[in-house]
Amino acid sequence: MSDAPALAGGLVCPVPLGSGGHVLLGHGSGGKLSAALLRERFLPRFGNPALAALGDAAVLENPGGRLVVSTDTFVVSPLEFPGGNIGTLAVHGTLNDLAMMGATPFALAAGFVLEEGLPFDLLDRVLDSMAAAARATGVPIVTGDTKVVERGKADGMFVNTTGLGVQHDDFRPAPDQARPGDAVIVSGPIGRHGMAVMAVREGLRFETTITSDTACLVPLTDALRAACGGGVRVLRDPTRGGVASVLNEIAQTSGVGIVLDEGALPVPDAVAAACAVLGLDPLYVANEGILVAVVAPEHADAALHTLRRHPLGSEAARIGTVAGGPRGLVQMRTAIGGRRIVDQLPGDQLPRIC
Amino acid sequence: MKYLAEYRDPALARALIARIKTTATRRWVLMEVCGGQTHTIVRQGIDELIGDQVEMIHGPGCPVCVTPLEQIDRALAVAARPEVIFTSFGDMLRVPGSHTDLLQVRARGGDVRVVYSPLDAVDLARRHPEREVVFFAVGFETTAPANAMAVWRAHQLGLTNFSVLVSHVTVPPAMTAILDSPDNRVQGFLAAGHVCTVMGWTEYEPLAVRYRVPIVVTGFEPVDILEGIAMAVAQLEAGRHEVENQYVRAVRREGNRPAQALIAQVFEIVDRQWRGVGTIPASGLGLRPAFAAFDAVARFGLGDVRAVEPAACRAGDVLVGRLKPHECPAFGRECTPEHPLGAPMVSSEGACAAYHNYGRTRLPAAHPA
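Residue indices begin from 1 for each chain and proceed along its sequence in written order. Whichever chain is written first is A, and whichever ligand is written first is 1; the rest continue in order. Under the rules for a predicted model, residues below a pLDDT of 70 receive no local features and side-chain atom pairs below 80 are neither given nor counted, while totals for whole chains, interfaces and linings still include all residues.

**As for the packing of helix α7 (residues 118-127) of chain B against helix α8 (residues 144-157) of chain B**
Residue and element names in this part refer to chain B. An axis is simply a line fitted to the C-alpha atoms; with a helix, the fit covers only the stretch in contact. Between two such axes, the angle follows the N-to-C directions and lies from 0 to 180 degrees. A run of H or I in DSSP counts as a helix once it spans at least four residues, and a run of E counts as a strand once it spans at least two, with each numbered from the N terminus. One way to put it is that α7 packs onto α8 with a least axis distance of 8 Å and a crossing angle of 25 degrees. Taken together, the axis directions place α7 and α8 in an arrangement best described as roughly parallel. By crossing handedness, the relation of α7 to α8 is classed as right-handed. Residue-level inspection shows Pro118, Leu119, Ala121, Val122, Ala125 and Arg126 of α7 in contact with α8, the latter providing Ala146, Asn147, Met149, Ala150, Arg153, Ala154 and Leu157. Residues are grouped as follows: Ala, Val, Leu, Ile, Met, Phe, Trp, Tyr, Cys and Pro are nonpolar; Asp, Glu, Lys and Arg are charged; every other residue, Gly included, is polar. Here the contact of α7 with α8 is composed, by residue class, of ten nonpolar, one polar and two charged. Should an angle fall under 35 degrees it is taken as roughly parallel, and over 145 as roughly antiparallel, whereas 65 to 115 is taken as roughly perpendicular and any remaining angle as oblique. By definition, turning the near helix anticlockwise from the far helix through less than a right angle yields a left-handed crossing, and turning it clockwise yields a right-handed one. For the purpose of contact definition, each residue receives a C-beta atom placed from its backbone, and two residues are in contact when these atoms lie within 7 Å.

Following this line, the structure appears as structure tokens:
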């Protein structure tokens, strides 16, 4: 980590950093407090050879092939929610962005902006989650950075992660590759992450607790690559803006139409109920653990079976078909046989009055 | 899921569509009063499915849409004050005032917060005695009990830093105004189910008799709407004009008596201006003198705020059913959800937004069934 040189002399932290403490401005000073923060909280959790070298940057072997790089910044409030926290999101989100390009991730970098007063207990839980998420996928966090800002200047903590991956010749999905006749598949139930966060943020309680779907999608894309290879034309993870926004982008970029079947959309009962209460449409609600795949017609069944064999994809469903036109337009056959357009939203969905 | 899935059941919906088509011997014109119903109709494509037999005119029952421009301007003025925490239901945030909207006020430093219940605003006032907390009390009879409860609670707590900007409206006077209009085409109504949950339907009985129109209290899911339409069409075909209740799982004839009592205790009936429509006598609720201390207009001296509605916006014609949203010359051109000229293009319940977002005008021609 770039704050690391302060550790070089094997300095001993004068202030014990036991549990129950808080992040102080001094933890971002580059001095002894910074070094102790790193040594006591970050390094033990993320330990790996590249990080342990403690240089200003990590040095990695080139695994060969085309390199794929993605970066994402995470600013969720609350920092913890049923099913995960900002740390799990930060690892899964960037790994998933690489996976959607057909890449196999091999390294992560992480940057932290910590707000003065952030409880160490909370920071530890986030770091534990990040370490566990990275370990589960076998992708090390090889370098990083921490900064501390004054109280009130960050919402507890912000996390940026950057991921590196390698793309393979036999598997290069891209947003402009959808063709008329292709199948549109989602790998699991929609709307869970957004509604889980909103329920906590707004203090809404429902009979069933909605948990975030946050998950690393690399196992699913690995399985799709093995089963369908180039038959997978487009992969997207429908995070902000939800499934509807991603499909609109695919329709526009590929110059095709998309027709959805409302009856086929996998919307969990609890998500449907929460959305009904708040006047929101689950198609626009964020997800963090599902993918949208556009698959050549002859591979559609194989893709669906492959996804369903994996625990993350057990509720995969074919939700629609790519059409020749109208270009850039996503239409839906409603459950009762009507039709409508599924447009992009001008901004966030706003809860309605009554 | 109980009370949701069965009202979205495709087989039931198809059976009701078939019933409407076989019952109607001519084309009837119905108005759904509530914006929530409008959204279900356009979102599910119900109007297209029954269009040959029944024309649906989209009524004025969107609280965001009918809140007058000068009341929005008052909200914007008070929300920008440094001592104020301005609280509102979410869908008021993007409604354009004369010059700006609440999201812009927030971006420039105004403390504007979305609440799900007006009691949350009272709680904010209790926890922030050093700030002035203002709640934007808009809506029909549906939101009136909760808003009345907030004022009552603040009164009980002796709060001196809580006030409400009231813009409440009531449904029956608006229906009367539509029926009295010389160019009225509405032959029957789907009454707003949630308004009737509070008020019951006794107020509608004299209307049905006097104007000889069927009125069916109707819910909000696709099967509710289709059943309400089928009931109204059956009445029209039989020459009946009664108040019937489709929304039996939520509405009783007498409504919710304790809620009505609370409304009557805090609010009194006043003349109210409706955006794009003008002033309708005895069509709104205002604070009773006993609760005048909670009136934000008086507290912040907002009485002088006056506004002129943009001429290009034909919201008034849309809200009383004289114009379909896409027939407005500004629709989709000067007026879009990103840059709305009027509230019906903003609110999730607005007819213009429904037409725009669900792309009614951009759908390719339907194939004959």
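**As for the domain arrangement of chain B**
Residues and elements named next belong to chain B. Where each domain starts and ends follows an automatic or database-derived domain assignment. The domain boundaries assigned to chain B delineate domain 1 (5-64 + 171-243) and domain 2 (65-169 + 255-295). Taking the mean C-alpha position of each, domain 1 and domain 2 sit 30 Å from one another. Residue-level contacts link 18 residues of domain 1 with 22 residues of domain 2. Broken down by secondary-structure element, the contributors of at least two residues to the side of domain 1 that touches domain 2 are β2 (54-61), α4 (63-66), α9 (171-180) and α10 (193-199). Among the elements that make up the side of domain 1 that touches domain 2, the one with the highest residue count is α10 (six residues).

**Here's the deal with the nonpolar core**
By convention the nonpolar core is taken to be a set of buried residues drawn from Ala, Val, Leu, Ile, Met, Phe, Trp, Tyr and Cys and joined through C-beta atoms within 7 Å. Three exposure classes are used, all based on how many other C-beta atoms lie within 10 Å of a residue's own C-beta (placed from the backbone): buried at 20 or more, exposed at 12 or fewer, and partly exposed between those limits. Grouped together as the largest cluster of nonpolar side chains are 123 residues, with contacts concentrated most on Leu165, Phe189, Ala191 and Ile229 of chain B. Per-element accounting of this core gives the leading share, nine residues, to helix α12 (residues 222-238) of chain B. If you count residues domain by domain, this core takes at least three from each of domain 1 (5-64 + 171-243) and domain 2 (65-169 + 255-295) of chain B. Ignoring any residue separated from it by four or fewer positions in sequence, one finds Phe189 of chain B in contact with Leu30, Met31, Val33, Met175, Val213 and Ile215 of chain B. Residues Leu108, Val142, Ala178 and Cys275 of chain A belong to the second largest nonpolar core, which totals 107 residues.

**Side note on the domain arrangement of chain A**
All names here are of chain A. The domains assigned to chain A are domain 1 (22-55 + 63-167) and domain 2 (183-341). Using C-alpha coordinates to define each centre, domain 1 is positioned 27 Å away from domain 2. Taken residue by residue, the interface counts 20 residues in domain 1 and 23 residues in domain 2. Contributions of two or more residues to the side of domain 1 that touches domain 2 are made by α3 (86-100) and α4 (120-137).

**Focus: the interface of chain B and chain A**
Counting residues at the interface gives 37 residues for chain B, matched by 25 residues for chain A. Going through the elements one at a time, α1 (10-23), α2 (35-44), α3 (46-50), α4 and β5 (132-139) of chain B are the ones with two or more residues in the side of chain B that touches chain A. Of the residues assigned to the side of chain B that touches chain A, the class counts are 18 nonpolar, ten polar and nine charged.

**Notes on the pairing of strand β11 (residues 278-287) of chain B**
Residue and element names in this part refer to chain B. Should DSSP find at least two bridges between two strands, the strands are regarded as paired. Pairing geometry for strand β6 (residues 162-169) and β11, over two bridges, is antiparallel. Note on β11: the bridge partner recorded for Val169 is Gly284. Of the strand pairs in this sheet, strand β10 (residues 267-274) and β11 are connected by seven bridges, and their pairing is antiparallel. Across the sheet, the residue bridging to Arg272 is Ile280, located in β11. The loop that links β10 with its antiparallel partner β11 comprises three residues; one of these, Gly276, has a positive phi angle of about 80 degrees.

**A closer look at the sheet that holds strand β9 (residues 257-261) of chain A**
Each strand in a sheet pairs with another by means of backbone hydrogen bonds, the pair being arranged parallel or else antiparallel. All names here are of chain A. Spatially, seven strands are ordered β8-β10-β7-β11-β9-β12-β13 in an open sheet, and the strand pairing comes out mixed. Strands at the two margins of the open sheet, each flanked by one partner only, are β8 (232-236) and β13 (339-341). For this sheet the average axis-to-axis angle between neighbouring strands, irrespective of direction, equals 25 degrees. The pairing of strand β7 (residues 183-186) with strand β11 (residues 317-323) spans four bridges and is classified as antiparallel.

**Describing helix α8 (residues 269-278) of chain A**
An α-helical turn contains 3.6 residues, so any two residues separated by three or four positions project in the same direction. Taken residue by residue, α8 of chain A has Ala270, Val271, Ala273, Ala274, Cys275 and Leu278 of chain A as its buried positions. Looking at the buried residues of α8 of chain A, the elements they touch are α5 (192-201) of chain A.

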